Amino acid sequence: MSATAVSTRAGKRKVTKKSVARPETREGALDNSAATEGKESEVMDAEFKKEFEEVMGYLEKLPGKEKGILNNWLKKLKKANDETQELKNWREIRNEYITLMNSQLRRSDIIEPFLTRPQVGPLRPVPKKLAYTKMKFTLCADDSSN
């Protein structure tokens, strides 16, 4: 901001502040990027929490061995954070695993990778052959009343 002198009728000078438009700096752009990233992280964390709670409901009904393996997976997924993970998109990877687990539990069909304990170390991306993609379905009314 810069100061500007303005004349008044009585001959007195009044000093006002004039705002100067500044071009957005690189730091400002980074601040906006960080804010957006923070919101995305919050959304992903909320999605994980929702899926986690659903999985916990199914987990209570499982036999001991399957329950133990899935508990190990859940601990690993819940423990994942910026410090334990090498990849920047660890939240996305974590959410893919929990979504895959939840879909398998809904179908009562536990398959890889949840047949064995998780590997030691950071989360690895879900193998393409196992990746679960969210699909939107449109339910149609049964028109059997004719």
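Going by the structure above, here's the rest.
The shown structure was predicted, so the numbers you read here are calculated from the model rather than taken from an experiment. (Residues numbered from 1 in each chain as written. Predicted model: local features only at pLDDT ≥ 70, side-chain atom pairs only at ≥ 80, totals over all residues. Heavy atoms only, no water.)

S.K.: Tell me about helix α2 (residues 64-79), residues and numbers included.
M.R.: Between its first and last C-alpha, α2 extends 22 Å over 16 residues, near the 22 Å set by a 1.5 Å rise per residue. Looking at α2, one finds that the buried residues are I69, L70, W73, L74, K76 and L77. In an axial view of α2, the angular spread of the buried residues amounts to 160°, which keeps them on one side of the axis. Projecting away from the buried face of α2 at angles above 90 degrees are the exposed residues G64, K75, K78 and K79. (Helix = DSSP H or I, 4+ residues; strand = E, 2+ residues; numbered from the N terminus. Expected span 1.5 Å × (residues − 1). Buried < 20%, exposed > 50% of the residue type's maximum accessible area, 1.4 Å probe, protein only. Arc of directions from axis to C-beta.)

S.K.: How would you summarise the packing of aromatic side chains if you had to cite specific residues and measurements?
M.R.: Within a pair of aromatic rings, the relevant descriptors are the distance that separates the centres and the angle that separates the planes. One pass over the full model with this rule turns up four aromatic pairs. With 5.1 Å between their ring centres and 80° between their planes, W73 and F114 make a pair best called edge-to-face. With a gap of 41 residues between them, W73 in helix α2 and F114 in the segment after α3 (90-106) connect regions that are remote in the sequence. Residue class for W73 comes out buried when judged on its relative accessible area of 6%. (Phe/Tyr/Trp six-rings, centres within 6.5 Å; stacked < 30°, edge-to-face > 60°.)

S.K.: An account of the nonpolar core is needed here, citing residue identities and associated values.
M.R.: When a protein is soluble and globular, its nonpolar side chains tend to lie buried together. Within the largest apolar cluster, 23 residues are counted, with the highest numbers of intra-cluster contacts made by L70, L74, Y97, I98, M101, L105 and F114. With seven residues, the single largest contributor to this core is α3. Among all residues touching I98, those that are not within four sequence positions of it are F48, E51, F52, V55, L74 and L77. (Core = buried A, V, L, I, M, F, W, Y, C linked by side-chain atoms within 4.5 Å. Contact = heavy atoms within 4.5 Å.)

None of this, on its own, says anything about what the molecule does.
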